[in-house]
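# Summary of structural features
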Amino acid sequence: MGWEGGLTLLLLCTLLPFEISLNSTFRFTTASMASADTGKTSDKPQPPAAKKVEHVMELFGDVRVDNYYWLRDDSRSNPEVLSYLKQENAYTNSIMSGTKAFEAKLFEEIRGRIKEDDVSAPQRKGSYYYYKRTLEGKEYVQYCRRLLPHSQADRPASVNDTMPIGDDNPPEHVILDENVKAQNHGYYSIGAFKISPNHKMVAYAEDTKGDEIYTIYVIDAESGALVGKPIVAATSYVEWAGDGALVYVTMDGILRPDKVWLHKLGTDQSSDSCLYHEEDETFSLDLHASESRNFLFVASESKNTRFNFYLEVSKPGDGLKVLTPRVDGIDTSVSHRGNHFFIQRRSDKFFNSEIVTCPLDNVSETTLLIPHRKSVKIQDMQLFNDHLVVYEREDGLPKVIVYRLPDVGEPLKKLQDGQAVDFLDPVYSVDPAASEFSSSILRFSYSSLKTPPSVYDYDMNTGDSVLKKIDPVLGGFDALKYVTERKWSTASDGTQIPISIVYRKDIVKLDGTDPLLLYGYGSYEVCIDPSFKASRLSLLDRGFIYAIAHIRGGGEMGRQWYENGKLLKKKNTFTDFIASAEYLIENKYCSKERLCINGRSAGGLLIGAVLNMRPDLFKAAVAGVPFVDVLTTMLDPTIPLTTSEWEEWGDPRKEEFYFYMKSYSPVDNVKSQHYPHILITAGLHDPRVMYSEPAKFVAKLRDMKTDDNILLFKCEFGAGHSSKSGRFEKLQEDAFTYAFIFKALDMIPV
């Protein structure tokens, strides 16, 4: 579900014909076919065919038979299942063997655009600049810092500050090198990296499997020496409660974050005190620190309700106190400044949210700062000592509004005359970045379909904006060659669906002959804002158009956009995507024979659904870690994330939801019909979408589809939901995916 380096795969195939039979689970043979005109034979590998083991499920008088239920193995150790997955990988490798040279060329081209030895935009924290460094040829990052030079240490931060380097300035210190840590692991990811308030220690959360179960380590920031024993079986939610304690979150048996703990450095994890246990299986916990660092906030949330506790960092022994109570349908996010808490609050009435404030000593006494507006959605807020920054959405585009706050201690009242930050591109993405609470400098990241990721510092007093870092794109990239557009398709119910588009103006003809890749997601109120991806240039520079359909179920057009694409309105997500595809065809951006589609996770559900509904509309499809066995998964509360997802998809233990979900669940709607070329991927250790969902979908497609088009399944044995962990490994996956698309369109050069 989730609906939000790996171990080297064992590829059992060679370029020579062969036949393997393992436990009668599947077959992988070569067919010898006579050529009518020459009489010669040619060998064509045949795909694995999973055995059928009847598994009958009955509810509300409806009987379903799942012949591939046996592919689910929660232990990921069943030899029969693993053998089948390896044979699928071998078949994929065999089919793609003829594209290896082109794939290698794509990979070198994609990798060649990266400045491998680079540093992130340094962030000023206390007496240091903190940043990440990448090294040539290395998969992972180093976490580094430098002391501020004396010339900066004695004055407030400025947007014009830079981190001095060279022999006459403070030296670089590497706090942690992921490349060293990852040496003995096929997968390596740090989910949290937290500096202690006194800057002497670091707490970091490490995942070495891809299952998102973390071990938390505390190290000395200078020596790297381990401080105390690790905290095991945790989430990546961890924060400092002063310099001598940590607060962290653990999960239950179905990987639901359900307990928050206080850990004192130097003590054993078994003696940690549980601050809160969320027993409602539809709720999960998260944890964050206020920008002021004076409070920690623990939130318990479902898909429709969120309430908050606070912990005063200077008094962790006092435990959690209620800040916003649990009220069904009320969603609150909180922060702190001075003698007030700030609360972003959403309800059915105020569906696009409002911002209120309350005194620390009377949390029930609220004052309205920014009212709810039907056409503007408040998405996030960021507090500073003298400013409030509000991230909004209007007409599907993100906005950043800066408000000056009264001095601490002065009365707070309704805020007006906020200053908007200006952006240049017609479609773009902008996100908050870590900033110093005590300063007047807002840091944000900006990107568009033709603008590489950029970090800006914005002076909230003067309005001056300074570019601090833009990711270099090597190989002669010129943004002026590319055009970005925003178009609107019309859904079946008349709703206007925004589409973001990019292409090279000197190559694309816009006569219906251009190849096009259409991306979609459409779930969880997630906004898929148009952003830059350097590897995508390998498509654009070969004449592709790239488009994003901002379909209902996402949050791009406000809360109602999300509400109208979930539960019993989920099919709007799929029909919006189909309408967007039809618009692109009708307006000569492409044709059916040149249209490819792509989506991951819940976006993989989208791909699976539209393939069943309109397989004639697409030439090729890529579904990454797709949530395709919707009904069976949502009926099983023992599967991770199921219980917390009932408010997103519906609870199929109720008859109305059961039959509605069955009507679109991809596995349940595979038909005896022609399908386009399809590539499906999975991660063996994925905790969000179990590998068996895409495996079952592939097995059923193989059994029922009536065409000879390519159907490939690639399961990464050393990865989770986010695929492999190394930066070059991820680029290799892009190259493989693009090679498949080019192969499906018969565009690989001879």
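Reading guide: rules and limits
Residues numbered from 1 in each chain as written. Predicted model: local features only at pLDDT ≥ 70, side-chain atom pairs only at ≥ 80, totals over all residues. Heavy atoms only, no water. Pairing = 2+ DSSP bridges. Helix = DSSP H or I, 4+ residues; strand = E, 2+ residues; numbered from the N terminus. Axes fitted to C-alpha atoms, helices over the stretch in contact; angles between N-to-C directions. Buried < 20%, exposed > 50% of the residue type's maximum accessible area, 1.4 Å probe, protein only.

What follows is about the sheet that holds strand β30 (residues 419-420). As summarised here, the arrangement of the four strands in space is β27-β28-β29-β30, forming an open sheet in which the pairing is antiparallel. On the outer flanks of this sheet lie β27 (376-383) and β30, each paired with one strand and no other. Pairing of strand β29 (residues 397-404) with β30 involves two bridges; the strand directions are antiparallel. Opposite valine 402, over in β30, you have glutamine 419 as the bridge partner.

All right, on to the sheet that holds strand β14 (residues 214-220) then. Pairing in this open sheet of seven strands is antiparallel, and the strands run β12-β13-β14-β15-β16-β17-β18 from one edge to the other. Unpaired on one side and paired on the other, β12 (189-195) and β18 (273-277) mark the two borders of the sheet. With direction set aside, neighbouring strand axes in the sheet form an average angle of 30 degrees. Judged from the two bridges that link them, β14 and strand β15 (residues 231-240) form a sheet pairing that is antiparallel. Bridge pairing in β15 places isoleucine 216 opposite isoleucine 231.

With that settled, consider the pairing of strand β24 (residues 340-346). The buried count for β24 comes to six of seven residues, which makes it a mostly enclosed element. Sheet topology note: the strand β23 (residues 331-337)/β24 ladder contains seven bridges and is antiparallel. Residue pairing across strands places valine 334 opposite isoleucine 343, the latter belonging to β24. Linking β23 back to β24 in an antiparallel pair, the connection comprises two residues, with glycine 338 at a positive phi of about 60 degrees. The pairing of β24 with strand β25 (residues 354-359) spans six bridges and is classified as antiparallel. Bridge pairing in β25 places isoleucine 343 opposite valine 356.

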